[in-house]
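# An overview of the molecular structure
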Amino acid sequence: VINKQGLQFIGSGADNTKIISSDMASVVMGIQHSADIVVAGMLLTHTEPNSGGCEYGVILLNGNRNITIRDNTLRGSGLWGIDSDSTRGALIITDNIIEENTRDGVIFRGAHPELKHLTFTRNIVRQNLGYAFLCDQGCSFSDGFELTASDNQLQANQKGVFSPGFADDFMVPMKKSWGID
């Protein structure tokens, strides 16, 4: 999905609507330079690799504004469940299962100076081989950044919840909202 506005990809639940990529060198769904996009009610995954594993993630967000990802199962063997780079406006991630990725559940790459609000509620992030959340490649957020995070379950992510380089202005409010010291 490139340079689109106002699209809604609405499935009828992860058991009924499945997007399965057999291309191990690509994302399952890529959204780039688009606005006001909704992805809901689906299972998104790669087929099991024969050898070498997947080379990319499940959902890639690159240079978008106002994205909603809700009511999905984002299952590896992708490297990452959600890969956000330069997201602007609002990013709403709610009521998803993000699991079994060969690296991390959610990765934020680079600066997100125009990301004004992140909602991360009622998600299950589990059994990823890396962290639940990784901040990579100079990841940072604006001073006016707002976070809503509640009722999430973070289970059995092999490296833990937050990567060591996670930006303090993002990690502190997330840890506090989830009751993590």
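Worth saying up front: this structure is predicted, and the values here are computed from it rather than measured. (Residues numbered from 1 in each chain as written. Predicted model: local features only at pLDDT ≥ 70, side-chain atom pairs only at ≥ 80, totals over all residues. Heavy atoms only, no water.)

## A word on the packing of aromatic side chains
By convention here, two paired aromatic rings are described through the distance between centres and the angle between planes. Under the defined criterion, the tally for this structure stands at five aromatic pairs. A ring pair is formed by Tyr 56 and Trp 80, whose centres lie 5.9 Å apart and whose planes are at 75°; its orientation type is edge-to-face. Remark: Trp 80 occurs in strand β9 (residues 80-85) and Tyr 56 occurs in the loop between β5 (43-46) and β6 (59-62); sequence separation between them is 24 residues. What makes Trp 80 buried here is its relative accessible area of 6%. Relative to Phe 162, the ring of Phe 133 has its centre 5.8 Å away and its plane inclined at 25°; by these criteria the two rings are stacked. Placement of Phe 133 in strand β15 (residues 131-141) and of Phe 162 in strand β18 (residues 160-162) is noted, with a sequence separation of 29 residues between them. Feature note: the residues Phe 108, Phe 141 and Phe 145 constitute an aromatic cluster, connected by ring pairs. Stacked on the ring of Trp 80, the Lys or Arg Arg 109 has its end atom at 4.4 Å from the ring centre. (Phe/Tyr/Trp six-rings, centres within 6.5 Å; stacked < 30°, edge-to-face > 60°. Helix = DSSP H or I, 4+ residues; strand = E, 2+ residues; numbered from the N terminus. Buried < 20%, exposed > 50% of the residue type's maximum accessible area, 1.4 Å probe, protein only. Lys NZ or Arg CZ within 6 Å of the ring centre and 35° of its normal.)

## A look at the sheet that holds strand β16 (residues 146-150)
Across the sheet, which stays open at both edges, the six strands sit in the order β1-β4-β7-β10-β13-β16 with parallel pairing between neighbours. Strand pairing shows two members of the sheet lacking a second neighbour, β1 (8-10) and β16, which therefore form its edges. Adjacent strand axes in the sheet meet at a mean angle of 5° when their direction is disregarded. Of the pairings in the sheet, the one linking β1 to strand β4 (residues 35-40) comprises three bridges and is parallel in character. Opposite Phe 9, over in β4, you have Val 39 as the bridge partner. (Pairing = 2+ DSSP bridges. Axes fitted to C-alpha atoms, helices over the stretch in contact; angles between N-to-C directions.)

## Focus: the state of the cysteines
Overall, the coordinates contain one disulfide when judged by the stated rule. In this model, Cys 135 is linked to Cys 139 through a disulfide, with the two sulfur atoms separated by 1.9 Å. Here the S-S torsion is close to -110°, and the disulfide linking Cys 135 with Cys 139 is therefore left-handed. Judged by its relative accessible area of 9%, Cys 135 is buried. (Disulfide = S-S within 2.5 Å.)

## A closer look at the environment of Ile 93
Along the chain, Ile 93 falls in strand β10 (residues 88-94). Between the alpha carbons of Ile 93 and Ile 69 there is a distance of 4.9 Å; along the sequence they are 24 residues apart. In this structure Ile 93 touches Ile 69, Ile 82, Leu 118, Thr 119, Phe 120, Thr 121 and Asn 123, once residues within four positions along its chain are discounted. (Contact = heavy atoms within 4.5 Å.)

## Here we look at the pairing of β10
Note: strand β7 (residues 65-70) against β10, five bridges, orientation parallel. Paired with Arg 65 across the bridge in β10 is Arg 88. Two elements, β10 and strand β13 (residues 115-121), share six bridges in a ladder whose sense is parallel. Residue Gly 89 lies in a different strand from β13, and its bridge partner there is Leu 115.

## Focus: the pattern of salt bridges
With the rule as written, the count across this model stands at eight salt bridges. The salt bridge partner of Glu 114 is Arg 88, with a shortest N-O separation of 4.0 Å. Here Glu 114, found in the loop between β12 (104-112) and β13, pairs with Arg 88, found in strand β10; they are 26 residues apart in sequence, far enough to count as distant. Judged by relative accessible area, which is 40%, Glu 114 ranks as partly exposed. Arg 88 gets classed as partly exposed once you look at its relative accessible area, which sits at 24%. Across the salt bridge formed by Asp 136 and Arg 109, the nearest N and O atoms sit 3.9 Å from each other. Here Asp 136 is found in strand β15, whereas its partner Arg 109 is found in strand β12, with 27 residues between them in sequence. (Salt bridge = Lys/Arg side-chain N within 4 Å of Asp/Glu carboxyl O.)

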